[in-house]
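Listed below, chain by chain, are the residues.
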Amino acid sequence: MVNRIYYMAVIVTAIIMSGPVYAEQADLPRTGQSTGKSAGNDGISRNDEVRPNQRFTNPDGTSPITGSVVVDQQTGLMWLRDANCIKTNYASFDKDGKTGDGAVTWRHVLAFVAGINAGKYPNCGDGKTDWRIPSRKELTSLINDGMAKSASWLNDPAQGFSNVQADSYWEPNAYPYAALMTVGNHSMYDSGMNMEDMMYYYFYVWPVRSGK
């Protein structure tokens, strides 16, 4: 009976928070890929896009990155500079799995991003109130299959990002499923999870917003 009540609570929470927190986004502009290996990567069909001289910048277009957010001048998306902001700033929030490492269940991902937008976790929000869980296409846009893993901008502090985990990040799929994407090591997989799975598995979250 307890499990059933908890299960229903998770469903209700997901329905209430689902809107802007993890709404699926439209196709991205070309990301400048010339080599494509992953689904959602535009390297195979869109290899003629010229990358900006400085792809990742501060919101005002300058570099090096000095604040808590990074703007992708290619896609117009704004990302948190810290790709594991839970661990860095609010480790006590994470009581899932290995506590404090930043990997949380889907229910807690929804709660955390909603909390950012409500001003509850300001160190992970930069004062903005429209953060959401990135779609698979948006996460994929950060992966450059044409670069060696060791040279990737995700692993290069000069590009602005920090604490990118070579592990799985939550991304939304058609409700009531979620999917996972491994970002840091350039491999990606799409794994449908039912609501019961989402109650017990824990992965990382990297909030995004439409910055431009």
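Residues numbered from 1 in each chain as written. Predicted model: local features only at pLDDT ≥ 70, side-chain atom pairs only at ≥ 80, totals over all residues. Heavy atoms only, no water.

## Here we look at the overall build of the protein
Alright, step 1. Summing up its helical and strand segments, the protein has five helices and six strands in all.
Alright, step 2. Across the 212 residues in the protein, those meeting the buried criterion constitute 48%.
Alright, step 3. Partitioning the contacts of the protein with sequence separation of at least 6, the portion at a separation of at least 24 is 57%. (Helix = DSSP H or I, 4+ residues; strand = E, 2+ residues; numbered from the N terminus. Buried < 20%, exposed > 50% of the residue type's maximum accessible area, 1.4 Å probe, protein only. Contact = heavy atoms within 4.5 Å.)

## So, the side chain of Ser-141
Alright, step 1. Within the fold, Ser-141 resides in the loop between α4 (136–140) and β4 (168–172).
Alright, step 2. Note on Ser-141: relative accessible area 3%, which makes it buried.

## Observations concerning the packing of aromatic side chains
Alright, step 1. One pass over the structure, following the stated rule, counts 13 aromatic pairs.
Alright, step 2. Relative to Trp-170, the ring of Trp-106 lies with its centre 5.4 Å away and its plane at 55°, an arrangement referred to as tilted. Residue Trp-106 is located in helix α3 (residues 106–117), and its partner Trp-170 is located in strand β4; the two are separated by 64 residues in the primary sequence.
Alright, step 3. Where Trp-170 meets Phe-203, the ring centres are 5.2 Å apart and the plane angle is 80°; that geometry is what we call edge-to-face. Of the two residues, Trp-170 is situated in strand β4 and Phe-203 in the loop between α5 (195–200) and β6 (208–210); the sequence distance between them amounts to 33 residues.
Alright, step 4. Among the residues examined, Trp-170 registers a relative accessible area of 0% and is labelled buried. (Phe/Tyr/Trp six-rings, centres within 6.5 Å; stacked < 30°, edge-to-face > 60°.)

## Considering the state of the cysteines
Alright, step 1. Summed over all chains, the structure comprises one disulfide.
Alright, step 2. The disulfide partner of Cys-85 is Cys-124, and the gap between their sulfur atoms is 2.0 Å. One disulfide, between Cys-85 and Cys-124, carries an S-S torsion of -100° and so falls in the left-handed class. You can see Cys-85 sitting in helix α2 (residues 85–89) and its partner Cys-124 sitting in the loop between α3 and α4, a full 39 residues away along the chain. (Disulfide = S-S within 2.5 Å.)

## A word on the nonpolar core
Alright, step 1. Counting residues in hydrophobic clusters, the biggest one holds 38 residues, and the most contacted among them are Trp-79, Phe-112, Ile-133, Phe-161 and Trp-206.
Alright, step 2. Secondary structure elements with two or more residues in this core: β2 (69–72), β3 (77–80), α2, α3 and β4.
Alright, step 3. Of the residues forming this core, the biggest block, six residues, is contributed by α3.
Alright, step 4. For Trp-79, the contacting residues outside a window of four places in its chain are Ser-68, Val-69, Val-70, Trp-131, Pro-134, Glu-138, Leu-139, Leu-142, Phe-161, Trp-206, Pro-207 and Val-208. (Core = buried A, V, L, I, M, F, W, Y, C linked by side-chain atoms within 4.5 Å.)

## Let's talk about the pattern of salt bridges
Alright, step 1. For the structure shown, the criterion picks out four salt bridges.
Alright, step 2. Between Lys-128 and Asp-126 there is a salt bridge whose closest N-O contact spans 2.9 Å.
Alright, step 3. The salt bridge partner of Arg-209 is Asp-130, with a shortest N-O separation of 2.6 Å. Of this pair, Arg-209 sits in strand β6 while Asp-130 is found in the loop between α3 and α4, placing the two residues 79 residues apart along the sequence. (Salt bridge = Lys/Arg side-chain N within 4 Å of Asp/Glu carboxyl O.)

## Brief notes about the sheet that holds β6
Alright, step 1. Strand order across the open sheet formed by four strands is β1-β2-β3-β6, with antiparallel pairing between neighbours. Either end of the sheet is taken by a strand with one partner, and the two such strands are β1 (56–57) and β6.
Alright, step 2. For β2 and β3, the ladder comprises three bridges, and the chain directions are antiparallel. In the strand pairing of β3, Val-71 is matched with Met-78. (Pairing = 2+ DSSP bridges.)

## Section: the confidence of the model for the protein
Alright, step 1. For the protein, mean pLDDT is 74; residues scoring 70 or higher make up 57% of the total.
Alright, step 2. No element of the protein has a lower mean pLDDT than helix α1 (residues 2–21), at 45, and none a higher one than α2, at 97.
Alright, step 3. Between residues 2–18, whose pLDDT stays under 50, and residues either more than four places distant or in other chains, the model counts 19 contacts.
Alright, step 4. Low pLDDT (under 50) marks residues 185–190, which in the prediction has 24 contacts with non-local residues, meaning those over four places away or in another chain. (pLDDT = per-residue confidence, 0-100.)

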